[in-house]
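The primary structure of each chain is shown beneath.
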Amino acid sequence: MKIFPRSLKKGDKIAIISPAGSVEPTQLEKGIDMIRSKGFEAVLGEHLYTKFSNGYNYAGTEGQRLKDINWALNDSEISAVWASRGGYGCQHLVEGLNLKEFTKDPKWYIGYSDNTVIQSYLFKKGFASIHGQTIKTSSFGVTEDSYDLLFDILKGKRPKYSLGSNQFNRKGNIEGELIGGNLALIYALLGTKYSFDFKDKILFIEDIGENFYALDRMIMSLELAGVFTKIKGLIVGGMTNMGDEKDNKQYEESFDEFANQLIAERISKYNFPVVFDFPNGHIKDNRPLIIGSIVKVKVNDKVTVEF
């Protein structure tokens, strides 16, 4: 199990940074107010609202975003680091990340989507992180539970989730270290030194806005890289806005049955337990996960995931 950062207490400072895409202040107001209402202090990164257009609307240049994340990770007054959003851009930062002070006093890093890159980096360095909602999504109608459960983790509580059955689930009981996040970023890191170590791990994947052939291509790449011969189990989270909006009746749903079917068919030759429709990802009702934690997964008629 990776090193867990210390739990937060009232009055602790949470840094908010934008390591990837740009954000508007109005998109973060609700999330910042929520942090304060929970008794913590929100400290805004210098370039939180900076904009830099270079084929994509980034929250600043690579240097500006790197400056903010290294400040947040290493400043002794900061107790947790929360990404404002994902998008694209975290891959720009990994070569310049500095954990010199962080290693002496680790802190929770919170995010998902493109932040999978940062979480993979922290995992490789031996530290756990929280795969949960960003600040921006608080303005999109995300459930209060999505954030309350996240604050529970910050305060030291370990989650236990219970789910119903799914036609694509594969039964079994497993225990192992949890890795993963956004499938597109897991796929993008394959073959690099920042890729997760998959051996004997439980892999979580989720994604949004992919054509079905692109989803299949990413799963095929994982297969060709030998990932499915190494992992102990698979948890499939939100698969939303998949395929063509005109043709897919489940386009707006959190979970897509055809996406699940594609994945199930690709992994049918392997015999590890599988959980589908886990409530984490680009969805409104999000149960935070701890990347780098030992997790117990029981897949029977019901499913339990316990940290």
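Residues numbered from 1 in each chain as written. Predicted model: local features only at pLDDT ≥ 70, side-chain atom pairs only at ≥ 80, totals over all residues. Heavy atoms only, no water.

Engineer: Tell me about helix H6 (residues 212–224), and name the residues and values.
Structural biologist: The α-helix advances 3.6 residues per turn, and as a result positions three or four apart in sequence lie on the same side. For H6, spanning 13 residues, the distance from its first C-alpha to its last is 18 Å, which sits close to the expected 18 Å at 1.5 Å a residue. All of the buried residues in H6 are Phe-212, Ala-214, Leu-215, Asp-216, Met-218, Ile-219, Leu-222 and Glu-223. In the core, the buried residues of H6 are packed alongside helix H5 (183–189), strand S10 (201–208), helix H7 (227–230), strand S11 (233–240) and helix H8 (257–266). (Helix = DSSP H or I, 4+ residues; strand = E, 2+ residues; numbered from the N terminus. Expected span 1.5 Å × (residues − 1). Buried < 20%, exposed > 50% of the residue type's maximum accessible area, 1.4 Å probe, protein only. Contact = heavy atoms within 4.5 Å.)

Engineer: Please set out the pairing of S11 residue by residue, giving values where relevant.
Structural biologist: The element S11 is extensively covered by neighbouring structure, given that eight of its eight residues are classed as buried. Pairing analysis gives six bridges linking S10 to S11, with the strands arranged parallel. Among the inter-strand pairings, Ile-205 is bridged to a residue of S11, identified as Val-236. Inspection of the sheet shows S11 paired to strand S12 (residues 274–275) by two bridges, in the parallel sense. Within S12, the residue paired with Leu-234 across the bridge is Val-274. (Pairing = 2+ DSSP bridges.)

Engineer: Tell me about the sheet that holds strand S8 (residues 160–163), residues and numbers included.
Structural biologist: As summarised here, the arrangement of the seven strands in space is S8-S15-S14-S9-S10-S11-S12, forming an open sheet in which the pairing is mixed. In the strand order of this sheet, the two ends are held by S8 and S12, each with one partner. Two elements, strand S9 (residues 172–182) and strand S14 (residues 294–299), share six bridges in a ladder whose sense is antiparallel. Residue pairing across strands places Gly-176 opposite Val-295, the latter belonging to S14. Across the face of the sheet, helix H3 (residues 116–124) comes into contact with S9 and S10 while running at roughly 125 degrees to S9. (Axes fitted to C-alpha atoms, helices over the stretch in contact; angles between N-to-C directions.)

Engineer: Lay out the packing of aromatic side chains in plain terms, naming residues and giving numbers.
Structural biologist: Counted under the stated rule, the structure contains 18 aromatic pairs. Between Trp-82 and Tyr-147 the ring centres are 6.2 Å apart and the planes differ by 40 degrees, which places this aromatic pair in the tilted class. Separated by 65 residues along the polypeptide, Trp-82 in strand S5 (residues 78–83) and Tyr-147 in helix H4 (residues 144–154) bring together distant segments of the chain. A relative accessible area of 2% places Tyr-147 in the buried class. A centroid spacing of 6.0 Å and a plane angle of 15 degrees characterise the contact between Tyr-270 and Phe-272, whose relative ring orientation is stacked. You'll find Tyr-270 and Phe-272 in the same group, each marked buried. Clustering of aromatic rings is evident, with ring pairs tying together Phe-40, Trp-82, Tyr-147 and Phe-151. We note Lys-2 situated over the ring of Phe-123; from NZ or CZ to the ring centre the distance is 4.3 Å. (Phe/Tyr/Trp six-rings, centres within 6.5 Å; stacked < 30°, edge-to-face > 60°. Lys NZ or Arg CZ within 6 Å of the ring centre and 35° of its normal.)

Engineer: Quick rundown of the pairing of strand S15 (residues 303–306)? Include the residues and the values.
Structural biologist: Only one face of S15 is buried, namely the one carrying Val-303 and Val-305, since none of Thr-304 and Glu-306 on the opposite face is buried. With four bridges connecting them, S8 and S15 associate as antiparallel partners. Bridge pairing in S15 links Tyr-161 to Val-305. Note that S14 and S15 share four bridges and pair antiparallel. What sits directly across from Val-297, in S15, is Val-305. Counted between consecutive antiparallel strands, the loop separating S14 from S15 contains three residues.

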